[in-house]
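Architecture and fold: a report
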Amino acid sequence: METLLLDQAAVDANARMKEIIRAVEDAFAAYERGDAQMPAKSYIDLPAYNGDFRSMPAYLDAGEWDAAGIKWVNVHPDNPKNFDLPTVLGTMIYSDPETARPLAIMDGTELTMQRTGAAAAVATDHLAREDARSLGLVGAGVQSYTQVEAIADVRPIEEIVVADLDDEAVAAFVEYFDDRFAVRGGSIPEAAACDVLSTVTPSTTPLVSRDDLGEHTHVNAMGADAADKQELDPAILRDARLVIDDHAQTTHSGEISIPYADGVIDDGDIDGAVGEIVVGEASGRTPEDGISVFDSTGLAIQDVATAHVVYEHARENDNGESFAFVSQ
């Protein structure tokens with residue numbers, strides 16, 4: 001009856017991006033088929049600390065495997081400056097659906113980065129041009145790294161342009177990927193002109209304009225996960241083929257939430273959910289498509305799917321610390 005304790009290093013060591021992409025795609029499919037349960041993400045706002053907590057429970061049956069868990073995660077923007085802590089911290093409890101035994105307690109911060117990259121890769125695989133070779137990043141923080149790792153797994157990326165106000169963050173990013181890609185720092189318009197663009201910032205004002213984008217750019221809008229966040233000019237959403245992860249979450253706290261609340265866009269502008277494409281109820285990219293946008297708010301089913309991959313490899317590799325959490 002042992003439970004595994006997996007810290008950030010153990011989660012990273014047992015994450016297999018190719019498998020995580022497949023598991024997250026399975027999770028989108030299970031959700032679309034009705035084989036998943038995912039109560040709405042709940043928030044505890046902490047204005048006194050300029051932060052919040054979020055609880056994200058889910059269960060999914062992917063056919064060959066099923067899994068359950070809950071992630072307890074926060075966003076505290078003052079953490080790096082005031083406490084030398086990450087803005088986002090998270091803890092995942094991964095459980096056996098049959099017995100409810102906690103199989104693992106694992107770092108949710110690394111888990112979040114892995115599943116966010118995988119979600120972008122699933123959308124990119126279905127919505128970007130097959131010959132997409134350039135990737136733009138707006139934001140050079142920790143999330144940008146797994147965007148590259150995941151998207152490069154589904155498209156033959158050769159060139160990367162990264163834009164960020166923090167020159168040191170850009171330099172660190174370029175140095176990290178310099179031996180694998182033709183990578184450089186650049187402006188937002190330069191990044192947005194690439195074949196694929198991922199935005200991974202906490203911005204509350206639009207950063208990318210309609211004119212910045214290439215004629216066939218696919219955009220992964222990953223940063224907006226709260227009601228006040230916004231990275232894209234609403235004109236992009238009106239012109240693009242717009243795909244979401246979940247209607248309730250995206251209209252409440254996604255990239256589309258502000259223009260949706262303002263009446264700039266409505267349900268008629270939403271072309272569907274990524275799960276519909278995965279299960280074949282909607283088409284992926286067609287020759288007629290120009291700009292496409294994936295609005296990702298991050299779903300609990302993605303965390304559970306990623307935890308499944310990490311846990312299985314941790315068991316195989318005898319990683320982590322085992323302890324008797326449940327007494328018989």
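Placed above this text is the structure.
Keep in mind that this is a model prediction, so the values were computed, not measured. (Residues numbered from 1 in each chain as written. Predicted model: local features only at pLDDT ≥ 70, side-chain atom pairs only at ≥ 80, totals over all residues. Heavy atoms only, no water.)

Across its full length, the protein chain holds 12 helices and 16 strands. Relative to the compact-globule value of 20 Å for 328 residues, the protein chain shows a C-alpha radius of gyration of 19 Å, a close match. Taken along its principal axes, the extent of the C-alpha atoms in the protein chain is 65 × 45 × 45 Å. Put simply, the protein chain has 328 residues, and 54% of those count as buried. Long-range pairs, those at least 24 residues apart, make up 70% of the contacts in the protein chain with a sequence separation of at least 6. Summed over all atoms, the accessible surface of the protein chain reaches about 14200 Å², with 49% contributed by carbon and sulfur. Of the side chains in the protein chain, 21 bear a positive and 61 a negative charge, and the two mean positions are spaced by 2 Å. (Helix = DSSP H or I, 4+ residues; strand = E, 2+ residues; numbered from the N terminus. Rg over C-alpha atoms; globule rule 2.2 N^0.38 Å. Buried < 20%, exposed > 50% of the residue type's maximum accessible area, 1.4 Å probe, protein only. Contact = heavy atoms within 4.5 Å. Areas by Shrake-Rupley, 256 points an atom, 1.4 Å probe, with all protein chains shown as cover. Lys, Arg positive; Asp, Glu negative; His and termini not counted. Charge placed at Lys NZ, Arg CZ, Asp CG, Glu CD.)

This next bit is on the environment of Leu237. As for its placement among the helices and strands, Leu237 is situated in helix 8 (residues 234–239). Between the C-alpha atoms of Leu237 and Gly214, which are 23 residues apart in sequence, the distance is 14 Å. Beyond its immediate stretch of four places on either side in the chain, Leu237 contacts Leu232, Leu242, Glu255, Ile256, Pro259, Ile265 and Val293.

One can describe the packing of helix 4 (residues 108–127) onto helix 5 (residues 142–154) by two numbers: an axis separation of 8 Å at closest approach and a directional angle of 40 degrees. Considering the angle they form, helix 4 stands oblique to helix 5. For the pair helix 4 and helix 5, the sense of crossing is right-handed. When helix 4 is examined against helix 5, the residues Thr112, Met113, Gln114, Thr116, Gly117, Ala118, Ala120, Ala121, Thr124 and Asp125 are found in contact with a partner set consisting of Val142, Gln143, Thr146, Gln147, Ala150, Ile151 and Val154. In terms of residue class, the contact of helix 4 with helix 5 is made up of eight nonpolar, eight polar and one charged. (Axes fitted to C-alpha atoms, helices over the stretch in contact; angles between N-to-C directions. Parallel < 35°, antiparallel > 145°, perpendicular 65-115°, else oblique. Left-handed = near helix turned anticlockwise from the far one by under 90°. Nonpolar A, V, L, I, M, F, W, Y, C, P; charged D, E, K, R; others polar.)

The subject of this paragraph is the packing of helix 2 (residues 17–33) against helix 4. Where helix 2 meets helix 4, the axes come as close as 8 Å, and the angle between the chain directions of the two elements is 70 degrees. In terms of orientation, helix 2 lies roughly perpendicular with respect to helix 4. On the side of helix 2, the interface is formed by Met17, Ile20, Ile21, Val24, Glu25 and Phe28, while helix 4 contributes Gln114, Ala118, Ala119, Ala121, Val122 and His126. Across the contact of helix 2 with helix 4, the residue classes tally to nine nonpolar, two polar and one charged.

With that settled, consider the packing of aromatic side chains. Here the distance between the centres and the angle between the planes together describe a pair of aromatic rings. Taken as a whole and assessed by the stated rule, the structure comprises nine aromatic pairs. Judged by centre distance (4.7 Å) and plane angle (15 degrees), the rings of Phe53 and Trp72 are stacked. With a gap of 19 residues between them, Phe53 in strand 4 (residues 51–61) and Trp72 in strand 5 (residues 66–75) connect regions that are remote in the sequence. Between Phe173 and Phe177, the ring centres sit 4.9 Å apart and the planes meet at 55 degrees, which makes this aromatic pair tilted. Placement of the pair is Phe173 and Phe177 together in helix 6 (residues 167–177), with a separation of four residues, close to one helical turn. Here Phe173 and Phe177 have matching classes, each one buried. Of the aromatic side chains, those joined through ring pairs into one cluster are Tyr145, Phe173, Tyr176, Phe177 and Phe181. (Phe/Tyr/Trp six-rings, centres within 6.5 Å; stacked < 30°, edge-to-face > 60°.)

Let's shift gears to helix 4. Here helix 4 contains 20 residues, and its C-alpha end-to-end distance of 28 Å stays within 8% of the 28 Å for a straight helix at 1.5 Å per residue. Judged by how many residues are buried, helix 4 sits mostly within the fold: 18 of 20 residues are covered. (Expected span 1.5 Å × (residues − 1).)

The next subject is a nonpolar patch on the surface. On the surface, Phe83, Leu85 and Leu89 cluster together into a nonpolar patch covering about 290 Å² of accessible area. Mapped onto the secondary structure, Leu85 falls in the loop between helix 3 (79–83) and strand 6 (90–95). Since its relative accessible area comes to 40%, Leu85 is described here as partly exposed. (Patch = residues over 30% accessible without salt bridge, like charges linked within 9 Å, V, L, I, M, F, W, Y side chains within 5 Å. Salt bridge = Lys/Arg side-chain N within 4 Å of Asp/Glu carboxyl O.)

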